[in-house]
Amino acid sequence: MNFLEERILKDGIVKEGNVLKVDSFLNHQMDVALLDEIGKEFHRRFADKQITKVLTIEASGIAIAYAVARCFGVPMVFAKKAKSINIDGDVYTAEVESFTHKNKNMVLVSKRFLSAEDKVLIVDDFLANGCALQGLISITEAAGASVEGIGIAVEKGFQYGGRSIRNLGYHLESLAIVESMDPKNKTVVFREQV
Ligand code: 5GP
């Protein structure tokens, strides 16, 4: 079992509706030493890639993406949720349905911060049905940049996002893959990874 799986067993809370709460260490209160470990681990896993930019989506991906970008020594960019439908032409956009809030958001990245020369590592805290990742992939590809890899802290393997992203041929690394979880018994079972 790796460091993140151990922490999820210790402090993660299984909620109804296939939601795993990790807000005491990952996305509300943040354990910065754990974030550093996550950054180092993704740096190790994608060490053979010439990453020029780390891309995530606000809000909960930002801290992880920061830690990863720090290790690669490259800028981190986060897709912003658009506040207005008046979006000018200087941005790449994608529509993303939120798994946790069940609403749709237009997210955007300024064309100044992503270019055809960029080799992008996409990072997020969770992977459920893959909607957030699809949005980030489409923004990267609209810029003509390449998706060199995708790093996810917690993938819920019983939802279809991971399978569909891997089927599309992307190099997806998830530090913890939850195979099943049960809100009644408070149990979490992880997929064995080599
Ligand atoms: P997807 O777009 O893959 O369906 O969902 C991924 C996004 O939803 C992530 O950016 C994450 O913020 C949120 N999310 C999905 N499942 C969970 C969960 O079980 N717990 C938490 N805390 N966030 C989740």
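Keep in mind that this is a model prediction, so the values were computed, not measured.

Draft legend 1. The layout of surface pockets, seen in detail. If you add up the space inside the largest pocket, you get close to 830 Å³. Lining the largest pocket are 32 residues, and of these S60, S98, F99, T100 and D125 sit closest to its centre. Secondary structure elements with two or more residues in the lining of the largest pocket: strand 2 (19–21), strand 5 (91–97), strand 6 (104–110), strand 7 (119–127) and helix 4 (131–142). A total of four residues in the lining of the largest pocket trace back to one element, the largest contributor, which is strand 7. Each residue belonging to the lining of the largest pocket can be placed in one class, and the counts come to 15 nonpolar, eight polar and nine charged. Surrounding the second largest pocket, 13 residues form its lining, N2, E5, R191, E192 and Q193 being those nearest its centre. Among the elements of the structure, helix 2 (32–45) and strand 9 (172–182) are those that each provide at least two residues to the lining of the second largest pocket. Residues of the lining of the second largest pocket, tallied by class, amount to four nonpolar, two polar and seven charged.

Draft legend 2. Local environment of the pattern of salt bridges. Evaluated as defined, the whole model comprises 11 salt bridges. Residue R7 is joined to D11 by a salt bridge in which the shortest nitrogen-to-oxygen separation is 2.7 Å. Within this pair, R7 and its partner D11 are both found in helix 1 (residues 3–11), separated by four residues, close to a single helical turn. With a relative accessible area of 18%, R7 lands in the buried category. The salt bridge involving R7 is made with D31; its shortest N-O contact spans 2.7 Å. Of this pair, R7 sits in helix 1 while D31 sits in the loop between strand 2 and helix 2, and the two are 24 residues apart along the sequence. The structure contains a network of salt bridges with shared partners spanning R7, K10, D11 and D31.

Draft legend 3. View of helix 3 (residues 62–72). Considered for burial, the residues of helix 3 that qualify are A63, I64, A65, A67, V68, A69 and F72. Summarising the contacts, the buried residues of helix 3 are in contact with helix 2, strand 3 (53–57), strand 4 (76–81), strand 7 and strand 8 (146–156). Of the residues trailing helix 3, G73 is marked for its positive phi of about 70 degrees.

Draft legend 4. The site of the ligand, seen in detail. Lining the immediate environment of the ligand, one finds 17 residues, of which L20, D124, N129, G130 and K156 sit closest. Contacts to the ligand include L20, whose backbone N or O atom sits 2.8 Å from a nitrogen atom. A distance of 2.8 Å separates an oxygen atom of the ligand from a polar atom in the backbone of A128. Within the complex, 90% of the 510 Å² of free accessible area of the ligand lies under protein. Its atoms largely coinciding with the cavity grid, the ligand occupies the largest pocket.

Draft legend 5. A look at the sheet that holds strand 6. Strand order in the open sheet made by the eight strands is 5-6-4-3-7-8-9-10, with mixed pairing throughout. Looking at which strands have only one partner, the edges of the open sheet turn out to be strand 5 and strand 10 (187–190). When the angles between neighbouring strand axes are averaged without regard to direction, this sheet yields 30 degrees. Packing against the sheet, helix 4 makes contact with strand 3, strand 4, strand 5, strand 6, strand 7 and strand 8, and its axis sits at approximately 165 degrees to strand 5.

About the criteria used
Residues numbered from 1 in each chain as written. Predicted model: local features only at pLDDT ≥ 70, side-chain atom pairs only at ≥ 80, totals over all residues. Heavy atoms only, no water. 1 Å grid on protein atoms, 1.4 Å probe; cavity = no way out; pocket = protein on both sides within 12 Å on 5 of 7 lines; lining within 4 Å. Points joined across faces, edges and corners; volume = space filled by probe spheres on them. Helix = DSSP H or I, 4+ residues; strand = E, 2+ residues; numbered from the N terminus. Nonpolar A, V, L, I, M, F, W, Y, C, P; charged D, E, K, R; others polar. Salt bridge = Lys/Arg side-chain N within 4 Å of Asp/Glu carboxyl O. Buried < 20%, exposed > 50% of the residue type's maximum accessible area, 1.4 Å probe, protein only. Contact = heavy atoms within 4.5 Å. Near = heavy atom within 4 Å. Polar contact = N/O pair within 3.5 Å; in protein donor to acceptor, adjacent residues only side chain to side chain. Areas by Shrake-Rupley, 256 points an atom, 1.4 Å probe, with all protein chains shown as cover. Sits in = over half its atoms within 2 Å of the grid points. Pairing = 2+ DSSP bridges. Axes fitted to C-alpha atoms, helices over the stretch in contact; angles between N-to-C directions.

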